[in-house]
Amino acid sequence: MKIHYTDRNTPGFFPVPVIPALVAAALSVVALLVAALSALLLVACSSPVSEDLCDAAVLPADYFRMELPAAGAGGEIRLIVSPDFGESREFHPSGGEAVLLEFRKNRPAAVLAYLPGSPRPSGAIYPYTAGFDERDGFAAEILWELYNEDEGYAESEKENVRLFNWHKLLEALREQEDPWLVDSGKIKEAILAGKFTKSKIKKWVGKPS
């Protein structure tokens, strides 16, 4: 086969075809539609509202670096991570070291650190807190319970948990002298129903046992 050269001096085995203007325009429209659909799918899969579109897609991950509290003498930390409705993960890292955790974006996650000799966990809620605090442990435990209690929640209730403003709850509980005296059952009911308001916290404070 004889090689010829195009008008750009590049070798070829056949003349460069001339694409009609209408065909080129149609191809451009198709390319734009494909790009738009891809962008829509990415946005949908980054949102906690659109579960159905994400079956075949991988939700983007977010890496969360956290400094663990000191474990104290003669003990290890029991670290529990609960990223969504599903199975929690448990680790036993050394105290005082940094851990790198991976979560799906737009999914709140409960992280609980049980220290030796402490009856209450220190806690954090991704992505609202980057460090552990015993006062935040109460809110993190509430999220963990909502994710792991076998209550047969409706999809709308699960969405209320995912979309809930956990930062608002963290702030409200930090204002309490002892957050652990607040009725966690009332808080969970309000979150599931989508009816939580910060002003209700004072009504749900119990007495020390």
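None of these values were measured; they are calculated from a predicted model.

I tried to follow unusual backbone geometry on my own but got confused; where do I start?
The phi angle of most residues is negative, glycine excepted, and most peptide bonds adopt the trans form. Geometrically, the link from Tyr126 to Pro127 is a cis peptide bond, its omega value of 0° lying close to zero. Of note, Pro127 is situated in the loop between strand S8 (122-126) and helix H2 (134-148). Residue Asn106 is not a glycine yet carries a positive backbone phi of 65°. Along the chain, the position of Asn106 falls in the loop between strand S6 (98-104) and strand S7 (109-114).

Would you explain the side chain of Gln176 in this entry?
Locating Gln176 in the fold gives a position in the loop between helix H4 (166-174) and helix H5 (184-193). On the basis of relative accessibility, which here comes to 14%, the residue Gln176 falls in the buried class.

Looking at this structure, how should I read the packing of aromatic side chains?
Applying the stated criterion across every chain yields a total of seven aromatic pairs. Pairwise contacts between aromatic rings join Phe164, Trp166, Phe196 and Trp204 into one cluster. Above the ring of Tyr114, the side-chain terminus of Arg78 is found at 5.3 Å from the ring centroid. Cation over ring: Lys158 sits above Phe85, and NZ or CZ is 5.3 Å from the ring centre.

Mind showing me how you'd approach the nonpolar core here?
Nonpolar side chains in soluble globular proteins tend to be buried together. Formed by 28 residues in total, the largest nonpolar core has its most connected members in Trp166, Leu169, Ile187, Ile191 and Ile201. Secondary structure elements with two or more residues in this core: S7, H2, H4 and H5. Here Ile201 is in contact with Leu169, Ala172, Leu173, Gln176, Val182, Ile187 and Phe196, once residues within four sequence places are set aside. With 16 residues, the next largest nonpolar core counts Leu101, Phe103, Leu115 and Tyr126 among its residues.

Honestly, the sheet that holds strand S4 (residues 78-82) in this entry has me stumped. Any pointers?
Strand pairing in a sheet relies on backbone hydrogen bonds. The paired strands run either parallel or antiparallel. Pairing within the open sheet is antiparallel, and its four strands lie in the order S5-S4-S7-S8. The open sheet has two edge strands, strand S5 (89-91) and S8, and neither has a second partner. For this sheet, the mean inter-axis angle between neighbouring strands, taken without regard to orientation, is 15°. Across the sheet, H2 touches S4, S7 and S8, and the angle it forms with S7 is around 125°.

Honestly, the packing of H2 against H4 in this entry has me stumped. Any pointers?
Two measures define how a pair of helices packs: the angle their axes make with one another and the distance between the axes. The contact between H2 and H4 brings their axes to 8 Å, and the two run at 140°. One way to sum up the angle between H2 and H4 is to call them oblique. Where H2 crosses over H4, the two elements pack in a sense that is right-handed. For the pair H2 and H4, the contacting residues are Arg135, Asp136, Phe138, Ala139, Ile142, Leu143 and Leu146 in the first and Trp166, Leu169, Leu170, Leu173 and Arg174 in the second.

Any chance you could explain H4 here in plain terms?
Note on helix geometry: an α-helix contains 3.6 residues per turn, so any two residues three or four positions apart are oriented the same way. Restricting attention to buried positions, one finds in H4 the residues Trp166, Leu169, Leu170, Ala172 and Leu173. The arc that holds every buried residue of H4, seen down its axis, measures 165°, which confines them to one face. Among the structural elements, S8, H2, helix H3 (155-163) and H5 are those in contact with the buried residues of H4. With a side-chain oxygen lying 3.3 Å from the backbone nitrogen of His167, the N-terminal cap of H4 falls on Asn165.

Looking at this model, I keep getting lost on the environment of Pro93. Mind explaining?
Along the polypeptide, Pro93 turns up in the loop between S5 and S6. Taking the relative accessible area as the measure of exposure, Pro93 reaches 11% and is therefore buried. Sequence spacing of Pro93 and Ile77 is 16 residues, and the spatial spacing of their C-alpha atoms is 6.0 Å. The residues touching Pro93, leaving out its near neighbours within four places in the chain, are Leu68, Ile77, Leu79 and Val99.

Rules used throughout
- Residues numbered from 1 in each chain as written.
- Predicted model: local features only at pLDDT ≥ 70, side-chain atom pairs only at ≥ 80, totals over all residues.
- Heavy atoms only, no water.
- Helix = DSSP H or I, 4+ residues; strand = E, 2+ residues; numbered from the N terminus.
- Buried < 20%, exposed > 50% of the residue type's maximum accessible area, 1.4 Å probe, protein only.
- Phe/Tyr/Trp six-rings, centres within 6.5 Å; stacked < 30°, edge-to-face > 60°.
- Lys NZ or Arg CZ within 6 Å of the ring centre and 35° of its normal.
- Core = buried A, V, L, I, M, F, W, Y, C linked by side-chain atoms within 4.5 Å.
- Contact = heavy atoms within 4.5 Å.
- Pairing = 2+ DSSP bridges.
- Axes fitted to C-alpha atoms, helices over the stretch in contact; angles between N-to-C directions.
- Parallel < 35°, antiparallel > 145°, perpendicular 65-115°, else oblique.
- Left-handed = near helix turned anticlockwise from the far one by under 90°.
- Arc of directions from axis to C-beta.
- Polar contact = N/O pair within 3.5 Å; in protein donor to acceptor, adjacent residues only side chain to side chain.

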